[in-house]
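# Structural characterization, general
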Amino acid sequence: MKSEEIIKPENMVYQPTHLLNETQMHYCPGCSHGVVHKLIGEVIEEMGLENDTIGIAPVGCGVFIYRYLDIDWQEAAHGRAPALATAVKRLNPKKMVFTYQGDGDLAAIGTAETIHACNRGENIAIVFINNAIYGMTGGQMAPTTLPGMKSATCPDGRDVEVTGAPLKISDMVALLDGTCYVTRQSVHTTPGVKRAKKAIRKAFENSMANKGTSLVEIVSTCSSGWKMTPDQANKWMEENMFPYFPLGDIKDR
Amino acid sequence: MAKFKGMVVVNTERCKGCNLCVVACPTHVLALQKREVNDKGYHYAYMETPDDCIGCASCGFVCPDGCITVYKVKTQE
Ligand SMILES: Cc1ncc(C[n+]2csc(CCOP(=O)(O)OP(=O)(O)O)c2C)c(N)n1
Ligand code: SF4
Ligand code: SF4
Ligand SMILES: [Mg+2]
């Protein structure tokens, strides 16, 4: 069969979401951020919320998400996305409001904002990219860095005697009455991508239905910070991240 | 005989040669260019063995940069 007979609009079974614009993303090759951007765009498009969504961009590698996904955005100061999302959603209760945050943003400088927004049950969705490192600033240790894992600021590996154990923020916020949905997913395989998309959709539906706070943690890679190739990073994530941050729903009510 | 025949179109200028589609393809259709590079200097992905593509779209799902469009047709049994 000739390729021209196959490559026709009616035979198209997969294409990037229209909300992802032509701007080339600045991410390193293979970065999980890109896959999650795509899923967010797909879900918003499928839910028909292109004009009814307000995203809150983080500080961290995801800072330029507002340049790549053509929806309305606000940019928050580092860690303050849940506070800004609180204001945006309370003033626009009919909009779908979500934050997009890394682990340094959400679980270090923004821990207070995260926990209190979840405790208040703000009707927002939080998309949490946990790559166990400060990617943007050069690979420093994050609260989520694994025991023994090397980073720029713990070159001999994280010593839990000195810095404590990695923070399981999703498990923590699942205990709070304000959260309605807390889940941990990954985007490194096709089934994983499909599950992560369903999770993001549920979180966005919860924001629209004003059910409380949803948090979708995506256990992610940072191949540059981890100093691996993208596929080595995926394998390393499976072997080392998943035992500590197991995938699956933590809470769904 | 496979029941489906697929073809993928790679946005070669957007591709960063991360190799994740190559790893995700169940029928080992894709490869990275060995010599050719795009304007950014990346060895972009291409269909090395197009006849083996079944149009499953695994490559598209895992692509972090939205570079892949997948087409699929049903073939005669
Ligand atoms: C108030 C403030 N403190 C510190 C910084 C420096 N800074 C920028 S990004 C970042 C951490 C990013 O890590 P993370 O949130 O995990 O995102 P990633 O890049 O890994 O996706 C830090 C500390 C800043 N921009 N503003
Ligand atoms: S530094 Fe890490 S998180 Fe940032 S774009 Fe590169 S791979 Fe992604
Ligand atoms: S559609 Fe499936 S079979 Fe075809 S190249 Fe992509 S992953 Fe391989
Ligand atoms: Mg990080």
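Note that the structure is predicted; figures quoted are calculated from it, not measured. (Residues numbered from 1 in each chain as written. Chains lettered and ligands numbered in written order. Predicted model: local features only at pLDDT ≥ 70, side-chain atom pairs only at ≥ 80, totals over all residues. Heavy atoms only, no water.)

## Concerning the overall build of chain A
A tally of regular secondary structure across chain A gives 11 helices and 8 strands. The C-alpha atoms of chain A give a radius of gyration of 18 Å, which matches the 18 Å a tight globule of 253 residues would have. Principal-axis analysis of the C-alpha atoms gives chain A an extent of 60 × 45 × 30 Å. When burial is assessed residue by residue, chain A has 56% of its 253 residues classed as buried. Intrachain contacts of chain A at a sequence separation of at least 6 include 68% that bridge at least 24 residues. Accessible area for chain A stands at about 10400 Å²; split by element, carbon and sulfur atoms hold 53% of it. Distance from the positive charge centre (25 side chains) to the negative charge centre (28 side chains) of chain A: 4 Å. (Helix = DSSP H or I, 4+ residues; strand = E, 2+ residues; numbered from the N terminus. Rg over C-alpha atoms; globule rule 2.2 N^0.38 Å. Buried < 20%, exposed > 50% of the residue type's maximum accessible area, 1.4 Å probe, protein only. Contact = heavy atoms within 4.5 Å. Areas by Shrake-Rupley, 256 points an atom, 1.4 Å probe, with all protein chains shown as cover. Lys, Arg positive; Asp, Glu negative; His and termini not counted. Charge placed at Lys NZ, Arg CZ, Asp CG, Glu CD.)

## Regarding the packing of helix 2 (residues 32-47) of chain A against helix 9 (residues 190-208) of chain A
Residues and elements named next belong to chain A. Where helix 2 contacts helix 9, the axes come no closer than 9 Å and their chain directions differ by 50°. As the angle between them shows, helix 2 and helix 9 are arranged oblique. Both helix 2 and helix 9 take part in a crossing whose hand is right-handed. Mapping the contact onto sequence places Val35, Val36, Leu39, Ile40, Glu42, Val43, Ile44, Glu46 and Met47 in helix 2 and Val193, Ala196, Lys197, Ile200, Arg201, Phe204 and Glu205 in helix 9. When the residues that make up the contact of helix 2 with helix 9 are grouped by side-chain class, the tally is 11 nonpolar, no polar and 5 charged. (Axes fitted to C-alpha atoms, helices over the stretch in contact; angles between N-to-C directions. Parallel < 35°, antiparallel > 145°, perpendicular 65-115°, else oblique. Left-handed = near helix turned anticlockwise from the far one by under 90°. Nonpolar A, V, L, I, M, F, W, Y, C, P; charged D, E, K, R; others polar.)

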